[in-house]
Amino acid sequence: MNKKKLIRIMALVLMLASVCTTAVFAAGEDGIDPMAGNPFYHSFWALVPPIIAIALALITKEVYSSLFIGIVVGGLLYSKFSFEGTLTHVFNDGIVASLADAYNVGILVFLVILGTMVAIMNKAGGSAAFGRWASTHIKTRIGAQLATIALGVLIFIDDYFNCLTVGSVMRPVTDKHNISRAKLAYLIDATAAPVCIIAPVSSWAAAVSGFVEEGNGLHLFIRAIPYNFYALLTIVMMLFLAVSNMDFGPMARHEDAAKNGDIFNGLKKASDAANEKTNEKGKVIDLVLPIIVLIVACVIGMIYSGGFFEGESFVNAFSNADASVGLMLGSAVTLVVTIIYFLLRRSLTFKDLMDCLPEGFKAMVPAILILTLAWTLKAMTDSLGAKEFVADFVMNRAANFQSLLPAIIFLIACFLSFATGTSWGTFGILIPITLSVFPLTNPLGVVCVSACMAGAVCGDHCSPISDTTIMASAGAQCDHVAHVSTQLPYALTVACVSAVTYVISGFIPKAYIVLPIGIVLMIGTLFVMKKVIGNKDIPVVEKIEEGLDLEEKK
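Everything numeric in this text was worked out from a predicted model, so none of it was measured.

Undergrad: So what's going on with helix H24 (residues 467–476)? Which residues, and what values?
TA: The buried fraction of H24 is high, at nine of 10 residues. The set of residues buried in H24 consists of Asp 467, Thr 468, Thr 469, Ile 470, Met 471, Ala 472, Ser 473, Gly 475 and Ala 476. Capping the start of H24, Ser 466 holds a side-chain oxygen 3.3 Å from the backbone nitrogen of Thr 468, two or three residues further along. Just downstream of H24, Gln 477 is the residue with a positive phi angle, here 50°.

Written as structure tokens, this is what we have:
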């Protein structure tokens, strides 16, 4: 970051601090509820904090301060510019409450254990052994990308698990074939939420099922899969990009640099290079076995949290599962099994295994910090009534355009998920509203529910404050802002085609007709882009970015 940007950010922070200080006198000390007569509550102002955070992150390429400034703005609006109210709301109701939430703590424990397991598998030589095995079977860049996609599709249990596991397994393979970390992060992210949202046995299916009051949530989820155009077309696009060796936008620059040996495009940090020496006696089973145990243990943990061992059926148990509890318990059991396995194999000493605990925690610190700030920012938007504002907007305005409602819901879900960084929260807001407008007996009911899920995943895929996006960056060990900026043009391309497909589905709600049309539109769009980009040495987006870089250097 250059000095000019740093000065601007410091000036903004000082301005906010001065506003808080001067507002103490205006706010008074009457102890009135800050939401009583608050003009910012239940209005577009509720979406301003995440918009500011996202804009600052993309402009400054620094995510921590951007998120915190967005949080402070949310606290200011909530307290009506009271210094004391802002301070208590940001820290007590925001950061502390987010870290005290049982669900969030379970996710953090899961991440730390996953980080520890990755450290153990690396120290034992499992990742290196897999890299050696893959080098004899995966000969090309196309093969490495297809293998990454295949592994991402196979690990469909949970997006967090997907991001970190695929990243740790495929990093040595993609590095060997000079695939940029930004491209790896995109492949991880695009096979995380988009795959989980079309997998009936996943934490996402359980989450969606929980938002349907009729009790047939899983059945609805399965019926909605063929209409989840964004998820399905994202997979189509990934395969096309991998096979055709086509890239565009900022990603093309990262890939060009990677082909010349710089997989980080100049953004490599010292921590990324600090890899310890691996055990040369490691075997592929040292990587495969812990992953298999983790998948099985997480599934058992999910159905356990849903009451399977108390008499519930498998379907009902998975529908009622608590993803945080299931993943935490499953990963904890896997860690114990993994430690015992390596002790029996005598490939690592007990001290080596225990040393991996702080290593795994340290590896997850950046992701944990960003997640904490993202959860706090979501708490700020919730306290300002963002959900109610969007819900009223949909109920009062969108219902009048019945044939266009799938496309409208898709776009609204995209915006809400992008601004708040949560797709599950978007499900909870829009699915009940959608079902109240169109019951399941209406042909458009399933299409609209699927549009809600697809839009939520799309916004989640694009948002720099989304936990899945953060995990994809962590899994690929890629600069977070670089991942967001390179992925955004790809996600928006699929979003545009999906929106058009949902317009068609509003008039022809038949999956066997509309889905093939969407696939043809997606492939046709990519062929046109490939032809246009092929006639240019440097894409227009890259020329603009190069101009900005030159201006910064001046």
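Next, the rest of the story.
Undergrad: Let's hear about the packing of aromatic side chains: which residues, and what values?
TA: Using the criterion set out here, one finds 11 aromatic pairs in the structure. With a centroid separation of 5.5 Å and an interplanar angle of 75°, the aromatic rings of Phe 40 and Trp 45 are classed as edge-to-face. Overall, Trp 45 belongs to the partly exposed group, its relative accessible area being 44%. The interplanar angle of 75° and the centroid separation of 5.9 Å between the aromatic rings of Phe 40 and Phe 81 together place this pair among those described as edge-to-face. Linking Phe 40 in the loop between helix H1 (3–27) and helix H2 (48–60) with Phe 81 in the loop between helix H3 (63–78) and helix H4 (83–100), this pair joins segments that are 41 residues apart in sequence. Residue classification places Phe 81 among the partly exposed residues on the basis of a relative accessible area of 28%.

Undergrad: Which residues make up a nonpolar patch on the surface, and what values do they have?
TA: A cluster of nonpolar side chains, Leu 404, Val 500, Val 503, Phe 507, Ile 508, Tyr 512, Ile 513, Ile 517 and Leu 521, forms an exposed patch at the surface whose accessible area comes to about 760 Å². Counting residues per element, the nonpolar patch draws most heavily on helix H26 (residues 511–534), which supplies four residues. Using a relative accessible area of 32% as the deciding quantity, one classes Leu 521 as partly exposed.

Undergrad: Could you give an account of empty space enclosed by the protein, naming the residues involved and the relevant values?
TA: Tallying each qualifying case throughout the model produces four cavities of 30 Å³ or more. As a volume, the largest cavity reaches approximately 60 Å³. Taken together, Leu 114, Met 117, Val 118, Met 121, Leu 164, Thr 165, Ser 168, Pro 290, Ile 291 and Leu 294 form the lining of the largest cavity. Sorting elements by how many residues they give to the lining of the largest cavity places helix H5 (residues 102–124) first, with four residues. Among the residues making up the lining of the largest cavity, the classes are represented as eight nonpolar, two polar and no charged.

About the criteria used
- Residues numbered from 1 in each chain as written.
- Predicted model: local features only at pLDDT ≥ 70, side-chain atom pairs only at ≥ 80, totals over all residues.
- Heavy atoms only, no water.
- Buried < 20%, exposed > 50% of the residue type's maximum accessible area, 1.4 Å probe, protein only.
- Helix = DSSP H or I, 4+ residues; strand = E, 2+ residues; numbered from the N terminus.
- Polar contact = N/O pair within 3.5 Å; in protein donor to acceptor, adjacent residues only side chain to side chain.
- Phe/Tyr/Trp six-rings, centres within 6.5 Å; stacked < 30°, edge-to-face > 60°.
- Patch = residues over 30% accessible without salt bridge, like charges linked within 9 Å, V, L, I, M, F, W, Y side chains within 5 Å.
- Areas by Shrake-Rupley, 256 points an atom, 1.4 Å probe, with all protein chains shown as cover.
- Salt bridge = Lys/Arg side-chain N within 4 Å of Asp/Glu carboxyl O.
- 1 Å grid on protein atoms, 1.4 Å probe; cavity = no way out; pocket = protein on both sides within 12 Å on 5 of 7 lines; lining within 4 Å.
- Points joined across faces, edges and corners; volume = space filled by probe spheres on them.
- Nonpolar A, V, L, I, M, F, W, Y, C, P; charged D, E, K, R; others polar.

Any functional reading would require information beyond the geometric quantities listed.
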